[in-house]
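# Structural characterization, general
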Amino acid sequence: MISCLIIDDEPFARQAVADLLDKHPDIKVLGQCSNAIEALQQINLLKPDLIFVDIQMPRINGMELIAMLNPEKMPRAVFITAFDEYAIKAFDNNAFDYLLKPIDEKRFNQTLDKVRTNMTPQLMTQILPTQLAHLPCYSGNKLKVVATADVEFIVSDVGGIHVCSNKGFSHTQLTLKVLEQKTALFRCHKQYLLAPSAISEIEITDTGAEVTTHSGAKVPVSRRYLKELKQLLGFQ
């Protein structure tokens, strides 16, 4: 049994995929998601084998969503798109699975047959963004999209991954590893990532340093990262 999620901001488009999947008893639909933030939460929670993801979603598109996933736990992806000559050429050149809207059932079945023969996630570095412009976050029951440029620092603790921006605190399901790789945030401590542009002052301490951000927050810098931070800021 192959488990899957359907991710599309258009409810009729999601239902169209679900209806086609109803004819394939070996595919189990775990749920439907209307945006990237919901999708990220559900992927981390349900760990589907396969995702059908629309590319043209607002705020955080399908490509950005894939770029946010942990490469070591990536599900197999089938992209869904309205016709875009450039995108289709990129998919064809790299042998990625995609479906055009409106979805043709014969093509859909061919794609499923291809997926069934190889469930190994594909390496997508050729087509994915290298940097995240937005982070999918939540605060209580509210889903939020935080611009990466607005982030001062990110901290990990037993309660999760917390994002401090100029609009306050929120939380994200992205890992520190993905955030370090996909943003300009600097690793300054095993639990912290820091935006160099957010630094107001640095105080040297016995254990390394303490940064004060423009909002007045205090962020620790471990001794092992201090030299690199000084170089990053232009200090010898």
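Provided above is the structure to which this section pertains.
Below is a summary of the structure that appears in this document. (Residues numbered from 1 in each chain as written. Predicted model: local features only at pLDDT ≥ 70, side-chain atom pairs only at ≥ 80, totals over all residues. Heavy atoms only, no water.)

## Regarding the nonpolar core
Of all hydrophobic cores here, the largest spans 41 residues; its most connected members are Ile 7, Ile 66 and Ile 154. Discounting chain neighbours no more than four positions away, the residues touching Ile 154 are Leu 135, Ile 161, His 162, Val 163, Leu 176, Leu 179, Leu 185, Gln 191, Tyr 192 and Leu 193. (Core = buried A, V, L, I, M, F, W, Y, C linked by side-chain atoms within 4.5 Å. Buried < 20%, exposed > 50% of the residue type's maximum accessible area, 1.4 Å probe, protein only. Contact = heavy atoms within 4.5 Å.)

## Let's talk about the pairing of strand S8 (residues 151-157)
Burial analysis of S8 places 6 of its 7 residues in the buried class, which makes it a mostly covered element. When S8 meets strand S9 (residues 160-165), the two strands line up antiparallel, connected through 6 bridges. Residue pairing in the sheet places Phe 153 in a bridge with Cys 164 of S9. Connecting S8 to the antiparallel partner S9 that follows it, the hairpin turn spans 2 residues. Where S8 lies against strand S12 (residues 192-194), 3 bridges are found, and the strand directions are antiparallel. Looking at S12, one finds that Val 155 is bridged to Tyr 192. (Helix = DSSP H or I, 4+ residues; strand = E, 2+ residues; numbered from the N terminus. Pairing = 2+ DSSP bridges.)

## Remarks on the sheet that holds strand S1 (residues 2-7)
Taken together, 5 strands build an open sheet; the order of strands is S2-S1-S3-S4-S5 and the sheet is parallel. Edge positions in the open sheet fall to strand S2 (27-33) and strand S5 (98-100), since each of these has one partner strand only. The average undirected angle you get between the axes of adjacent strands in this sheet is 20 degrees. Strands S1, S2 and strand S3 (50-54) of the sheet are contacted by helix H2 (residues 36-46), whose axis makes an angle of about 170 degrees with S1. Sitting on the sheet, helix H5 (residues 105-117) is in contact with S1, S2, S3, strand S4 (76-81) and S5, with an inclination near 175 degrees to S5. (Axes fitted to C-alpha atoms, helices over the stretch in contact; angles between N-to-C directions.)

## Structural notes on the sheet that holds strand S10 (residues 168-172)
Strand order in the open sheet formed by 7 strands is S7-S6-S10-S9-S8-S12-S11, with antiparallel pairing between adjacent strands. Of all the strands in the sheet, just strand S7 (142-147) and strand S11 (186-189) have a single pairing partner and so form its edges. Mean inter-strand twist for the sheet, computed between neighbouring axes without regard to direction, equals 35 degrees. Examined bridge by bridge, S11 and S12 share 3 bridges and lie antiparallel to one another. Directly across from His 189, in S12, lies its bridge partner Tyr 192.

## A few points about H2
Within H2, burial applies to Ala 36, Ile 37, Ala 39, Leu 40 and Ile 43. Take H2 and look down its axis: the buried residues cluster within an arc of 165 degrees, on one side only. Looking at the packing, one finds that the buried side of H2 touches S1, S2, S3, helix H3 (62-68), strand S6 (134-139) and S7. In this structure Asn 35 caps H2, since a side-chain oxygen of it lies 3.1 Å from the backbone nitrogen of Ile 37. Lys 47 occupies a position one or two residues after H2 and carries a positive phi of about 50 degrees. (Arc of directions from axis to C-beta. Polar contact = N/O pair within 3.5 Å; in protein donor to acceptor, adjacent residues only side chain to side chain.)

## Looking at unusual backbone geometry
For the peptide bond that leads from Lys 101 to Pro 102, omega is -10 degrees, which places it in the cis range. Note that Pro 102 resides in the loop between S5 and H5. At Lys 47, a residue that is not glycine, the phi angle is positive and equals roughly 50 degrees. Even without being glycine, Arg 59 reaches a positive phi, approximately 65 degrees. For Arg 59, a relative accessible area of 55% translates into the label exposed.

## Some thoughts on the pattern of salt bridges
Under the defined criterion, the tally for this structure stands at 10 salt bridges. Taking the shortest distance from any N to any O, the salt bridge between Asp 8 and Lys 101 comes out at 3.0 Å. Pair noted here: Asp 8 is in the loop between S1 and helix H1 (11-21) and Lys 101 is in the loop between S5 and H5, with a separation of 93 residues, a long-range link. The shortest N-O distance in the salt bridge between Asp 54 and Lys 101 comes to 3.5 Å. Linking Asp 54 in strand S3 with Lys 101 in the loop between S5 and H5, this pair joins segments that are 47 residues apart in sequence. Relative accessible area serves as the criterion here: at 1%, Asp 54 is assigned to the buried category. When salt bridges that share partners are traced, they join Asp 8, Glu 10, Asp 54 and Lys 101 into one network. (Salt bridge = Lys/Arg side-chain N within 4 Å of Asp/Glu carboxyl O.)

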